[in-house]
Amino acid sequence: MFESLRKELSLFDSTCLVVGIIIGAGIYETAPTIAASMSSWLGVLAIWLVGGLLALSGALCYAELATTYPRAGGDYVYLNRAYGPWAGFLFAWAQMVIVRPGDIALLAFIFSRYAQTLYAPVGSITYAAAAVIAFTVINIVSVRTGKWTQNVLTVTKIVGMLVMIVVSLLAPGPPATAAAQTPVTMDGLELALILVLFTFGGWSELGYVAAEVKRPHRNIVRALVSSIAVVTALYVIMNGAFLYALGLSNMAVSEAVAVDAVATVLPTVAEKAIAVLVCVSALGAINGVVFTGARISSALGAEHAPLRVLGRWNRHRGTPTSSLVVQGCLSLAIVLLAGSFIDTILYTAPVVWVFFLATALSVFVLRRKDRRTPRPYMITGHPATTIVYSACCIFMIYSAVSYALAQKPIALIVSASIVLIGALVYRLIRPGSNARPNIPAAVRK
């Protein structure tokens, strides 16, 4: 069983994994638009704090589920148990085929864009493809290699962010003309919240590796709560530093907010220094997503005979090698076919948030269905906390669908097609879906 995987991830490892995935490059891309959507310094800082609280409500839901069912696969396990095998299969299918490879490719393109400012002769596609290949190989080598890579990148990015914050706070302050404010609108508030929640995305990843966390009944909760606390503090302080250095109006129109903030003090090195920091942030997120994503498809393969190859774990390395290879190939295909920065998240957002909602509601279902199953941790503030997170999911579904209908109707077609194809595949393979997990003895405790 997946519960027999070696426990390689300590509390520090787990926290670094979550923090490293959440803090990608999103904060540098979304901060100006969020500032433009709010009416004051207080509004900007408040929306980031609200985002942290909403993320915490979701993290607490996942903390109960992950400690109750500490198995590889996260949402796949919870949906499977709450609604039946079809629900878990559709989630894993969408993640394996497009969501996870698309996220990896998206992060790889962000890395390549900033890497080119450091060394232009190498093309964007080359940088992106190299990142996908490198981190796939790193995570194939061993769990320890993957986790130590994650730890180093996460610590490095946090140190870099703290240095950037200090430098920004050494600025002479915003120019007098930067005090202009505009009234906040409902559309602006909605856009700001969508972007904030997107930037906080990634805390649910710990559920995918729950089977590999040491003392999961204690460390999963601690890792999730401490990760959200660290990220929220960094995001609020960072935006405060940007506002102090540039002012609200200048921050709102900035095309490279971190560069502009640091340039107020160190104009000659700002661009290169921030490029390095964003590259490290993107690489840390890539490694984390590669690490956790392979566990989803591995769980899928372990329970469905036609996909059994995905459930195979390497005897000596203790890693889901087959899943990592398939995930890497799909990600590489997107990089090579797209050839530029893509809005994969916008195309998959409706599906992603529908499954998040289903997972949130599974807390109610499983408490009734599995009354006798021990729950080492029960959600603080339930049912209010769970309802708040469910409402957040509904808001994101509505916003994603509304945006798609108004701007890119093809997004809904793509999302629906992914689920439909998955449903057809499930119907075809269901009769033979009784495979046992192929986890060798060397991987067990």
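Heads up: these notes are all about the structure in this document. Just so you know, these numbers come straight off a predicted model, no measurement behind them. (Residues numbered from 1 in each chain as written. Predicted model: local features only at pLDDT ≥ 70, side-chain atom pairs only at ≥ 80, totals over all residues. Heavy atoms only, no water.)

### Some remarks on a positive patch on the surface
Put simply, the test is: Each patch is assembled from residues with relative accessible area greater than 30% and no salt bridge, linking like charges that lie within 9 Å and nonpolar side chains (Val, Leu, Ile, Met, Phe, Trp, Tyr) that lie within 5 Å. Each accessible area is a Shrake-Rupley estimate made with a 1.4 Å probe; only the visible protein chains count as cover when residues are assessed. Salt bridges are identified by distance alone: a Lys or Arg side-chain nitrogen within 4 Å of an Asp or Glu carboxyl oxygen. Charge counting treats Lys and Arg as positive and Asp and Glu as negative, with His and both chain ends excluded. Each charge is placed at NZ for Lys, CZ for Arg, CG for Asp and CD for Glu. Secondary structure counts use DSSP, requiring at least four H or I residues in a row for a helix and at least two E residues in a row for a strand, with both numbered from the N terminus. Type-normalised accessible area, obtained with a 1.4 Å probe on protein chains alone, sets the label of each residue: buried when under 20%, exposed when over 50%, and partly exposed for intermediate values.
Together, Lys214, Arg215, Arg218 and Arg222 make up a positively charged patch on the protein surface. Note on placement: arginine 215 falls in the loop between helix H8 (186-199) and helix H9 (216-246). Residue class for arginine 215 comes out exposed when judged on its relative accessible area of 56%.

### Some remarks on the environment of tryptophan 203
How we decide: In what follows, a contact means two residues having at least one pair of non-hydrogen atoms within 4.5 Å.
Its place among the elements puts tryptophan 203 in the loop between H8 and H9. Taking relative accessible area as the criterion, tryptophan 203 reaches 7% and is therefore assigned buried. It is 9.6 Å that separates the C-alpha atoms of tryptophan 203 and threonine 15, two residues lying 188 residues apart in sequence. Among residues more than four places away in sequence, those in contact with tryptophan 203 are Val18, Ile22, Ala55, Gly58, Ala59, Tyr62, Leu224, Ile228 and Tyr389.

### Some words on the pattern of salt bridges
Tallied over the entire structure, the rule returns eight salt bridges. The residue aspartate 370 makes a salt bridge to arginine 81 at a minimum N-O spacing of 2.5 Å. Within this pair, whereas aspartate 370 is found in the loop between helix H14 (344-369) and helix H15 (384-407), its partner arginine 81 is found in helix H4 (residues 75-83), the two being separated by 289 residues in sequence. Exposure remark for arginine 81: the relative accessible area of 32% places this residue in the partly exposed category. Linking arginine 100 and glutamate 205 is a salt bridge whose minimum nitrogen-to-oxygen distance equals 2.7 Å.

### What about helix H5 (residues 85-118)?
The condition that has to hold: Take the residue count of a helix, subtract one, and multiply by 1.5 Å to get its expected span. Two axes enter the definition of the bend at a residue: one is fitted to the seven residues ending there, the other to the seven starting there, and the bend is the angle between them.
Between the first and last C-alpha of H5 there are 48 Å, a value that for 34 residues agrees with the 50 Å anticipated at 1.5 Å per step. A bend of about 50 degrees at methionine 96 is the largest found in H5.

### Observations concerning the environment of leucine 277
Tracing the chain through its elements places leucine 277 in helix H12 (residues 270-303). On the basis of relative accessibility, which here comes to 8%, the residue leucine 277 falls in the buried class. Separated by 113 residues in sequence, leucine 277 and methionine 164 place their C-alpha atoms 9.2 Å apart.

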